[in-house]
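One-letter residues, chain by chain:
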Amino acid sequence: MKFLDETKVYIRSGDGGAGAVSFRREKFIEFGGPDGGDGGRGGDVWVEAVNGLNTLIDFRYQQHFKAKTGTHGMGRNRTGAGGADVTLKVPVGTQIFEEDSETLIVDMVAEGQRYRLAAGGNGGFGNAHFKSATNQAPSWANPGLEGEEKTVWLRLKLIADAGLVGLPNAGKSTFLAACTRARPKIANYPFTTLHPNLGVATIDGNEFIIADIPGLIEGAHEGVGIGDRFLGHVERTRVLLHLVSAQEEDVAKAYKTVKHELEAYGGGLEDKPEIVALSQIDVLDEDELKAKAKALAKACGGQPLLLSAATSKGMTEALRALRTVIVAAKFGEETA
């Protein structure tokens, strides 16, 4: 399945049905009077967050959504049926924006959440609605009101507890594959990961979701490489695991490069709790490992974790560190 995290769709709610102009004509009833029914209400356009989706790919093949028009009113005081609604089913974490792509309409953050994007038009009144003591035979009725139409942007920001960031080939996908059942593409060249991957990690009976996004390089906020368009998928995370490859000649520079791109992107990423880890340590001897760990500690202002996803060394400690931050953040949200 292809990954699509942003798309534009056109929506239109249904028009209301027209009211009827009708008069009762029956044998032996001399003055039947008006009996035109009201029109039915037009259908609404809804959006609903559902489980089991993690991409907006369905909207690549259908970009127009129109609700049904209400049925017109009929004689004998029969009201028309309401038009059928249309529901856009989106992944949890989808944001809906106006056509300017900046004005947020709704953020779908919970499974089952529904929101009405466009209300259907009201049905018109039939001529029976207008009868009175001074106007006993009105010969007019109202047309139904028109529905709403608009173009909206759908933008997906995946829901995850922890996010993996780092330069290309920092070992993010290998880390995800080693601690979850996710199977991202892994290869020895930059930008192997072309779209975000999710996996569920388990440690000491606790489960949490990890998001792996494509690597960042210097100038990503200006569109260099794949750019920073996928950073939105770690905006909702509670903690970032910043992986720095032990194969880098200058681990301090590698750390600062990604840190600068996170700050340039904004979105609150620079303020998120960060756990720094020196990855792929199985390629170093003892002296090189000490030197690079010391250089990275000086750059990040704390002692980095040492891990190797290939040999599982340090993986348990890394997962426990992530779990500690995530559990503390969840407890803080519940007591807030």
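For clarity, every value in this text was computed on a predicted model and none was experimentally measured.

(A) Inspection of the sheet that holds strand 12 (residues 239-245) at higher detail. A sheet is described by the order of its strands in space; here 6 strands give the open sequence 10-11-9-12-13-14, paired in mixed fashion. Both outer strands of the open sheet, strand 10 (197-203) and strand 14 (305-306), are each paired with one neighbouring strand and no more. Contacts from helix 2 (residues 251-265) reach strand 9 (162-165), strand 12 and strand 13 (274-279), with the element oriented near 145° to strand 12. Most of the contacts of helix 3 (residues 286-300) go to strand 13, to which it runs at about 160°, and overall it touches strand 12, strand 13 and strand 14.

(B) Representation of the layout of surface pockets. The space that makes up the largest pocket amounts to roughly 440 Å³. In terms of lining residues, the largest pocket is bounded by 29 residues, among which N169, A170, G171, T174 and Q280 are the most central. Ranked by the residues each element gives to the lining of the largest pocket, the list is headed by helix 1 (residues 172-179), at 4 residues. Classifying every residue of the lining of the largest pocket gives 11 nonpolar, 13 polar and 5 charged. The computed volume of the second largest pocket comes to approximately 320 Å³. Lining the second largest pocket are 15 residues, with N51, L53, I159, L198 and I209 sitting closest to its centre. The leading source of residues in the lining of the second largest pocket is strand 10, at 3 residues. For the lining of the second largest pocket, a count of residues per class yields 10 nonpolar, 4 polar and 1 charged.

(C) Inspection of unusual backbone geometry at higher detail. The phi dihedral of R76 falls on the positive side, at around 60°, and the residue is not glycine. A relative accessible area of 69% means that R76 is categorised as exposed. In this model, Q280 sits at a positive phi of 60°, which is unusual for a non-glycine residue.

(D) Summary view of the nonpolar core. Core analysis: the largest hydrophobic core is formed by 48 residues, its most contacted members being V9, I11, F59, L88, L154, L262 and L278. The greatest single-element share of this core, amounting to 5 residues, is contributed by helix 2. Not counting residues within four places of it along the chain, the set of residues in contact with I11 comprises V45, F65, L88, L117, A118, E148, E149, K150 and V152. Listed in part, the 23 residues of the second largest apolar core include F175, C179, I210 and A318.

(E) Just helix 2, in detail. In this model, helix 2 (15 residues) spans 22 Å end to end at C-alpha, consistent with the 21 Å of a helix rising 1.5 Å per residue. As for helix 2, its buried residues are in contact with strand 9, strand 12, strand 13 and helix 3. Put simply, D250 is the residue that caps the front of helix 2, since its side-chain oxygen is 3.2 Å from the backbone nitrogen of A252. Of the residues flanking the end of helix 2, it is G266, one or two places downstream, whose phi is positive at about 80°.

About the cut-offs
Residues numbered from 1 in each chain as written. Predicted model: local features only at pLDDT ≥ 70, side-chain atom pairs only at ≥ 80, totals over all residues. Heavy atoms only, no water. Pairing = 2+ DSSP bridges. Helix = DSSP H or I, 4+ residues; strand = E, 2+ residues; numbered from the N terminus. Contact = heavy atoms within 4.5 Å. Axes fitted to C-alpha atoms, helices over the stretch in contact; angles between N-to-C directions. 1 Å grid on protein atoms, 1.4 Å probe; cavity = no way out; pocket = protein on both sides within 12 Å on 5 of 7 lines; lining within 4 Å. Points joined across faces, edges and corners; volume = space filled by probe spheres on them. Nonpolar A, V, L, I, M, F, W, Y, C, P; charged D, E, K, R; others polar. Buried < 20%, exposed > 50% of the residue type's maximum accessible area, 1.4 Å probe, protein only. Core = buried A, V, L, I, M, F, W, Y, C linked by side-chain atoms within 4.5 Å. Expected span 1.5 Å × (residues − 1). Polar contact = N/O pair within 3.5 Å; in protein donor to acceptor, adjacent residues only side chain to side chain.

Remember, this is a structural readout, not a statement about activity or role.
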